[in-house]
Amino acid sequence: MSAFEPLPARLASIGAAVLPDEPSTAPSLNWAIIGAGYIAGLFAADLQCTQSAAVAVGSRDLTKGQAFADQFGIPFVGSYEEAMSRPDVDAVYIATPHTFHKEQALLAIDAGKSVMIEKPLAVNAGEAAEIRAAAEAKGVLVMEAMWSRFLPHYALLRAIVESGELGEIKYVRAEHFQTLRGTERMERPDLAGGALLDLGVYPASFIEMLLGAPKSIHASGHLTEAGVDEDSIAVLDYPAATAVLAAHMGASSQVAAEVAFTRGQVVLERQFYRPTEIKVVWNGVADGPQNADSAEPYTEVWSDVAVDPRGGGLEYEAAAFARAVKAGLTELPEHGWSSVTNVLEIMDEVRHQVGVVYPFE
Ligand SMILES: NC(=O)c1ccc[n+]([C@@H]2O[C@H](COP(=O)([O-])OP(=O)(O)OC[C@H]3O[C@@H](n4cnc5c(N)ncnc54)[C@H](OP(=O)(O)O)[C@@H]3O)[C@@H](O)[C@H]2O)c1
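Calculation notes
Residues numbered from 1 in each chain as written. Predicted model: local features only at pLDDT ≥ 70, side-chain atom pairs only at ≥ 80, totals over all residues. Heavy atoms only, no water. Axes fitted to C-alpha atoms, helices over the stretch in contact; angles between N-to-C directions. Helix = DSSP H or I, 4+ residues; strand = E, 2+ residues; numbered from the N terminus. Parallel < 35°, antiparallel > 145°, perpendicular 65-115°, else oblique. Left-handed = near helix turned anticlockwise from the far one by under 90°. Contact = heavy atoms within 4.5 Å. Nonpolar A, V, L, I, M, F, W, Y, C, P; charged D, E, K, R; others polar. Near = heavy atom within 4 Å. Polar contact = N/O pair within 3.5 Å; in protein donor to acceptor, adjacent residues only side chain to side chain. Areas by Shrake-Rupley, 256 points an atom, 1.4 Å probe, with all protein chains shown as cover. Domains from an automatic or database assignment. Buried < 20%, exposed > 50% of the residue type's maximum accessible area, 1.4 Å probe, protein only. Pairing = 2+ DSSP bridges. Salt bridge = Lys/Arg side-chain N within 4 Å of Asp/Glu carboxyl O.

To continue, consider the packing of helix α7 (residues 152-163) against helix α9 (residues 195-211). The relative placement of two packed helices is expressed as an angle between their axes plus a distance between the axes. Look at α7 against α9: their axes get within 11 Å of each other, and the N-to-C directions meet at 30 degrees. It follows that α7 is roughly parallel to α9 by the angle criterion. Here α7 runs over α9; the crossing is right-handed. Here Tyr-154, Leu-157, Arg-158 and Val-161 of α7 come into contact with α9, specifically with Phe-206, Met-209 and Leu-210. Residue composition of the contact of α7 with α9, grouped by class: 6 nonpolar, no polar and 1 charged.

Structure below.
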């Protein structure tokens, strides 16, 4: 028997058992979509992989809203408030720029609806606390649409960590580079623009999922002429680990993440926050130092952490949300209020150190 056989067997046994159920098996909800923009279109398309349906769309521009409704077969078009308050609507999906999330979430909560809010849930931790208080007072489910947390490869990663097979986490790196200069909502301070809130929320959420709230943060970055962050890079210090977060909207590089454990490594090489393959490396040393005499590391690549090929991956968050609503939950175990708050507190501190101050704060 090779020295490595026991570990692959244990890792392989983690595989299928922890993956989320098929989105098509989740109960059905009637959705109102608020804001007929880019991500709203992806969500409406992926909803078709579930039993749920969009029954209303709210738009500032009824002609644009009608075109969206025609594309996805949505029967009602109206203002944001008309769409979200309809009696046939169970759940409201808020897909407007960050600065409108709080106001629209409070309206939807007041209408007694369950609410899913695009990421980031709010501009800062203070706004999130207001939304949380309203949701708890009304007893409705409110969730941030951090879709990655509901994807199969994130579930697999959590299970690998919990198994302890790779030992303790010592280091996490997560980077999101995407050239988005010139995109209006990214450039404008009054729309809470900048790299951190839009792109950095993914690395921040990845790190938070694995390590929770940091002890301290050291951040640097560069501001655009308008005063939003073109990049934010931060080192997050934990009692027994270090994490590095990078977000850049003016340079092209990888969108990758890595977790270094005492006995191995997990690598998400390409677009870590989307459905992607997950590579697990075990360094072949159960305890003690790794040296040149160590055997070759054992590597397992799960490239078939498959999602329904008809969908882009947002169907997993929609399905998890529908299951939670039907179960009467007010937060989701994969992504509850503490993780939302931790991530916004991380971003508040990074922004403070980088020097981004929004005009409405
Ligand atoms: N989960 C993801 O992968 C993902 C990806 C991209 C973005 N997002 C998040 O989703 C939100 C929207 O991003 P997006 O890329 O979909 O933006 P977008 O294409 O600009 O769409 C946003 C929509 O919000 C409405 N809106 C209301 N007031 C607006 C204003 N002053 N300026 C611009 N739009 C306004 C518009 O809809 P009407 O004209 O119909 O009212 C607009 O189409 C952001 O919070 C972003 O972080 C998430």
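With that out of the way, let us pick up the site of the ligand. Around the ligand, a shell composed of 21 residues is seen, among which Ala-36, Ser-59, Lys-64, Tyr-80 and Lys-119 lie nearest. The side chain of Trp-147 places a nitrogen or oxygen atom 3.4 Å from an oxygen atom of the ligand. Separating an oxygen atom of the ligand from a side-chain N or O atom of Tyr-202 is a distance of 2.9 Å. For the ligand, whose accessible area on its own is 880 Å², the fraction buried by protein is 86%. Listing elements by their share of the shell around the ligand, those giving two or more residues are α2 (38-47) and α9. Here the residues of the shell around the ligand sort into 9 nonpolar, 6 polar and 6 charged. When residues of the shell around the ligand are sorted by domain, at least three fall in each of domain 1 (22-146) and domain 2 (149-308 + 333-354).

Attention now moves to the pairing of strand β11 (residues 257-261). The element β11 is extensively covered by neighbouring structure, given that 4 of its 5 residues are classed as buried. Direction of pairing for strand β7 (residues 169-177) relative to β11: antiparallel, over a ladder of 5 bridges. Along β11, the bridge assignment pairs Val-172 with Val-259. Note that β11 and strand β12 (residues 264-268) share 5 bridges and pair antiparallel. The residue of β12 that forms the bridge with Glu-258 is Val-267. In this antiparallel pair of consecutive strands, β11 and β12, the connection spans 2 residues.

Turning next to the sheet that holds β7. Each strand in a sheet pairs with its neighbour through backbone hydrogen bonds, running either in the same direction (parallel) or in the opposite one (antiparallel). What the 8 strands build is an open sheet, ordered β8-β9-β10-β7-β11-β12-β13-β14; its pairing is mixed. At either margin of the open sheet sits one strand with a lone partner, and together these are β8 (216-223) and β14 (298-302). Between one strand axis and the next, the sheet turns through 10 degrees on average, direction left out of account. Pairing of strand β9 (residues 229-238) with strand β10 (residues 241-248), which is carried by 8 bridges, proceeds in the antiparallel orientation. Considered in β10, the bridge of Asp-231 is made with His-248. Sitting on the sheet, α7 is in contact with β7, β11, β12, β13 (278-282) and β14, with an inclination near 20 degrees to β13. Across the sheet, α9 touches β7, β9, β10, β11 and β12, and the angle it forms with β10 is around 160 degrees.

Let us now look at the pattern of salt bridges. Enumeration over the complete set of coordinates arrives at 17 salt bridges. Across the pair Asp-190 and Arg-188 runs a salt bridge whose closest N-O atoms are separated by 2.7 Å. Relative accessible area serves as the criterion here: at 36%, Asp-190 is assigned to the partly exposed category. With relative accessibility at 30%, the residue Arg-188 sits in the partly exposed group. Put simply, Arg-181, Glu-187, Glu-225 and Glu-230 are held in one network by salt bridges that share partners.

Structural measurements only, silent on function.
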